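Structural overview for review
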Amino acid sequence: MKTKKTIREFICYAVLICLSFSNQVTIAQDEIHLWEKEPYGNMEPSSEIIDLRSEYAKHFRNETGKITALISAGPVNYLEDGRWKTIYHTIIPHTNGFENTANSHKTYYPKYANGSITTVLKDGSVIKDMREMRMYYLAEGKELQAAAISGVEGKADFNELHYANAYGNGIDLRLTQHTTFRKMDYIIQNKAALGSLPKEAEYLVFEEKAELPAGWKASIVENQINIYNQQGVLVAVFGKPLFYDSPEHGQDESGNHIHKHSNELVGNYEIEQHQRLLTIRTLVPVNWLRKDLAFPVFIDPTINLYPDNTARWTGHHRTDGGTNCHSPGCAAYTSTNINESVQNDFWAGRYDATMVYNGWVKFNITDIPDDACINSAEFRYYVSNNSSASPGCVISTYFRHLADDPSVNDFSVAANNQARLADIRNGNIYGDFNTAVLVAGTGWRTVNLTANMADLQSQLVPNWFAVGLHTYGGASNHLTCRNQILGYGSSNRPMLVVNYDPPVGTEDITICPEDLPYTWHGQTINAGGNGVATAIVQSTTGCDVEVTLNLTVHPATTPLTEDITICDSDLPYTWHGQTINAGGTGIATHTTQNSNGCDVLTTLNLTVNPTTHLTDDITICDSELPFSWNGQTITTGGNGAATHTTQGTNGCDIITTLNLTVNATQHLTDDVSICEADLPYTWNGQTINAGGNNVATHVTQGQNGCDIITTLNLNVYPPISASFTAQAEVCLPSSVTVTSSSVSQGGSCAWEINGVPVTGDCSGVSTTVTQSGCYDINLTVTDVNGCIFSTSQNDAFCIEESPVASFELQNQTNENAQTNNLSSNAGSYTWILPNGTTTSDFEPTVLFPNEAGTYSITLYAYNSDGCYDSTTVTVEIIYDIVIPNVITVNNDGVNDFFVLQEMLPNTQLLILNRWGNVVYSSANYDNSWNGRDMNGNYVTEGVYTYLVTVPDGTKHHGFVHVVR
């Protein structure tokens with residue numbers, strides 16, 4: 001759609017703006033909810049003047065006929081297909097997850113936290129990050145308590161995507177979509193989410209991998225990760241990781257205000273790059289996590305996809321002059337040590353006794369004509385972080401027009417920084433803005449610049465306008481009264497709202513038919529023509545000016561179709577800059593403009609014919625080489641030995657691949673060794689009576705159709721012989737020694753006693769038997785040739801029965817037990833009791849010491865040959881200490897004391913309050929604590945921590961509730 005305009009006559013009064021009207025925009029119904037969430041969402045989309053769009057500005061025609069320009073300190077539109085399109089920051093649910101595609105880069109988020117993010121940059125390059133995410137502690141190079149990110153489902157809210165409990169209970173992952181960067185936050189909801197911090201750990205590490213385009217390189221520069229493309233151009237930055245907790249505010253018991261300042265730390269990265277895969281580790285010092293942090297705690301690594309703030313649209317100076325004087329009139333008012341920052345977000349206010357942040361915002365006002373008459377203006381900014389919560393922190397913020405462009409001078413020169421700082425502090429004041437309300441929270445803030453419009457009017461020719469922010473005043477020289485303001489790349493970056501008079505006179509407008517009905521000065525125009533409408537507008541001087549509309553409407557256009565047929569080898573197919581991955585009817589559309597500048601819609605119908613792939617599998621013998629196939633001479637076999645291409649009826653290739661198997665004539669030998677006892681030997685139907693090489697041959701045909709010729713080599717081994725003797729001890733277990741003789745050299749011997757194999761060699765065997773009776777021995781000798789000879793002896797040795805020691809304990813208590821002797825084949829006994837004494841009684845009484853532990857009773861049983869057997873019974877004496885979790889110290893005689901049941905002497909007790917202070921201790925506790933502290937006073941009702949240490953050093957800790 002294109003609108004053409006001319007102005008034949010201008011009627012300009014005073015400085016009333018004289019320029020042509022522009023056509024308006026109509027957005028789709030499903031885009032309205034995206035529009036409403038943006039900073040300009042209160043403006044009517046249909047009132048936007050498209051032809052006045054630029055990267056930083058949008059212009060809207062008001063019902064009064066005036067124009068409102070919203071000029072941003074960062075991009076609000078992006079250029080695509082030659083048109084400026086609106087940037088939206090909403091993350092939209094999609095089939096496979098979430099996406100944000102209304103930007104110069106397109107971002108595709110995963111549905112689940114264990115997925116990955118795909119970002120398509122404006123040049124078509126693709127970055128895939130948030131891959132293989134892990135969390136672990138690092139101690140001397142070793143990983144502890146490693147955990148992979150879980151597959152929790154994401155929840156989208158405007159430009160934030162939240163994965164709750166991504167690293168277990170209490171650690172969330174939050175992604176925020178901004179204009180030129182994407183913010184990642186790991187949110188630690190409470191201290192318990194960190195688990196037990198290993199005492200040897202140095203860092204808590206959050207690790208992810210990013211896949212970069214080919215040839216891209218990453219390096220760490222000044223604590224941030226710079227990513228360069230193949231040409232060495234900086235295209236993406238992972239900013240310095242910031243760690244911070246949530247400041248606490250409240251009242252103590254006396255009603256005094258308590259303000260705990262936030263704990264902040266700029267962290268470090270580690271990176272490793274292997275070809276295209278970049279591993280990024282965000283290192284959080286464990287010592288910082290051990291501080292008294294106010295949860296939730298935020299871990300913030302952020303990626304800037306186009307870190308282009310070189311024109312210094314937003315930034316700040318941080319002064320560090322070594323003095324606490326920061327107010328006008330003070331001798332040391334101007335700092336000599338100034339650090340400059342052009343990062344995305346910026347600060348205004350005081351950080352500590354020496355550092356003060358002075359911010360600035362710059363706007364490109366090129367799109368407001370130089371002769372425009374400005375009626376009013378506002379400066380809007382968004383406070384995202386407020387450290388000004390103390391009641392004494394009532395401060396004033398000065399907003400000043402900067403005389404010099406912040407991007408002109410070299411900021412590495414100290415004099416330039418001092419000059420800029422002086423300009424921010426002492427320039428033309430637009431007005432004091434009391435920020436007492438701003439102290440209470442975050443959000444949008446507005447400053448009315450109308451009272452001093454001359455400065456803005458004068459900058460229409462230089463085409464830039466800059467505002468400085470300087471904060472001072474209040475209690476303690478506004479110590480720590482500090483605000484973080486969203487900057488250049490954020491979704492809610494600063495904005496300049498300017499209202500100015502529109503052009504007047506006779507207005508000639510040409511539109512396309514799809515633009516009807518056309519709205520002009522609140523009037524609905526249904527058809528074209530000269531003088532179809534008039535409107536009265538008033539200049540800033542109060543004059544009424546009549547404007548006449550001449551409206552030309554181009555004729556309607558006819559939709560077109562384009563039918564294309566291709567082969568599948570042509571996929572993906574490029575059609576008018578679009579990549580088509582599959583065929584179909586109406587699979588893509590393309591909009592062009594006819595000679596009138598109106599839209600013509602063309603629809604693509606794409607037919608995709610397949611390429612046919614065939615194989616020809618052939619098997620031959622090696623005697624048939626070389627082989628002829630489709631006019632080609634094949635000298636060797638193999639898969640894909642040759643290909644042959646013809647064309648099918650659909651115009652696409654038929655590719656036939658030859659897989660040629662060449663089978664060889666096989667010459668085999670069958671080497672057989674046998675013992676002499678195996679003669680005569682039968683082989684393939686032939687009888688062989690003696691050994692030797694080539695004693696027979698046999699010819700068969702293989703499954704491949706080629707001959708197999710096998711030759712027999714037969715080796716015959718001589719016979720072997722062996723004998724043995726056996727000796728055994730009297731008592732069980734009995735050591736048995738078997739000695740062999742007359743065993744042929746070499747080979748192996750296998751022994752069996754009563755049919756059970758035992759370990760031995762050809763010199764004999766030594767073993768132990770545990771059962772009485774007579775035993776048979778068998779020896780099997782296998783020589784080195786595999787020939788076997790066996791010999792046996794029945795009742796080679798005999799063993800008498802041995803005594804068996806056995807007893808049980810009866811009537812056992814923690815003090816004693818009675819023995820019950822169940823032994824057999826024995827005539828005398830010896831007992832070893834827990835106190836170390838021995839007795840020969842048949843069934844003695846066992847006494848146990850009066851303390852917990854494990855005790856043993858051992859019985860030895862002897863027969864008349866001196867053989868014996870023993871058995872031991874182990875007894876564990878347990879004293880279980882029982883600890884209460886509540887006591888009621890109201891002297892009613894019930895549960896008034898902290899009583900430890902089953903407590904041993906010399907048990908230690910320690911009671912602590914919730915601040916870790918000791919309220920009671922005893923080295924030999926006697927169950928006498930009744931809720932009083934060391935001074936004898938009752939403690940406050942509530943929950944206390946106990947630590948009980950028993951004599952063996954075991955510690956029991958927990959909580960006891962003291963009730964009054």
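Residue positions are counted from 1 within each chain, in the order its sequence is given. Given that this is a predicted model, residues contribute local features only at a pLDDT of at least 70 and side-chain atom pairs are listed and counted only at 80 or more, while totals for whole chains, interfaces and linings are drawn from all residues. The basis for the side-chain values is all heavy atoms of the structure; hydrogens and waters are excluded.

A closer look at the packing of aromatic side chains
A ring pair, where both rings are aromatic, is described by two values, the distance of the centres and the angle of the planes. The pairing test for Phe, Tyr and Trp rings, Trp by its six-membered ring, is centres within 6.5 Å, and the orientation test on the planes gives stacked under 30 degrees, edge-to-face over 60, and tilted for anything in between. Inspection of the entire model under this criterion finds 25 aromatic pairs. When the ring of Tyr-860 is compared with that of Tyr-868, the centres are 6.1 Å apart and the planes differ by 55°; the resulting orientation is tilted. Owing to a relative accessible area of 25%, Tyr-860 belongs among the partly exposed residues under this scheme. Taking 5.9 Å as the distance between ring centres and 45° as the angle between the ring planes, the aromatic pair formed by Phe-898 and Tyr-946 counts as tilted. Classification of residues uses two cut-offs on accessible area relative to the type maximum, computed with a 1.4 Å probe and protein chains only: under 20% is buried, over 50% is exposed, and between them is partly exposed.

Looking at the pairing of strand S47 (residues 584-593)
By definition, two strands form a pair when at least two bridges between them are found by DSSP. Numbered from the N terminus, helices here are DSSP runs of H or I no shorter than four residues, and strands are runs of E no shorter than two. Relative to strand S48 (residues 599-609), S47 is paired through seven bridges, and the arrangement is antiparallel. Considered in S48, the bridge of His-590 is made with Thr-602.

Structural notes on unusual backbone geometry
The amide bond that connects Leu-516 to the next residue, Pro-517, takes the cis arrangement and shows omega of -5°. Cis peptide bonds are those with omega within 30 degrees of zero, and the linkage from Leu-732 to Pro-733 qualifies with -5°. Mapping Pro-733 onto the fold places it in the loop between strand S59 (723-728) and strand S60 (734-741). The backbone of Asn-165 shows a phi angle near 55°, a positive value even though the residue is not glycine. Positionally, Asn-165 belongs in the loop between strand S13 (160-163) and strand S14 (171-177). Its identity is not glycine, yet Asn-895 carries a phi of approximately 60°, on the positive side.

Observations regarding the sheet that holds strand S70 (residues 845-847)
The antiparallel open sheet is built from three strands, whose spatial order is S66-S67-S70. Both edges of this open sheet fall to strand S66 (807-810) and S70, since each of them pairs with a single strand only. Each neighbouring strand pair of the sheet contributes to a mean axis angle of 35°, computed without reference to strand direction. Here S66 pairs with strand S67 (residues 816-821) via four bridges, running antiparallel. If you follow Glu-808 over to S67, its bridge partner there is Asn-820. To obtain an axis, a line is fitted to C-alpha atoms, over the contacting stretch when the element is a helix, and the angle between two such axes runs from 0 to 180 degrees between their N-to-C directions.

Examining the confidence of the model for the chain
Averaged over every residue, the pLDDT of the chain is 84; residues scoring 70 or more account for 88%. For every residue, the predictor assigns a confidence score, pLDDT, that lies between 0 and 100. Contacts: residue pairs with any heavy atoms within 4.5 Å of one another. Between residues 1-24, whose pLDDT stays under 50, and residues either more than four places distant or in other chains, the model counts 103 contacts. In this model residues 255-259 is a low-confidence stretch, pLDDT under 50, and it forms 18 contacts with partners more than four residues away in sequence or in other chains.

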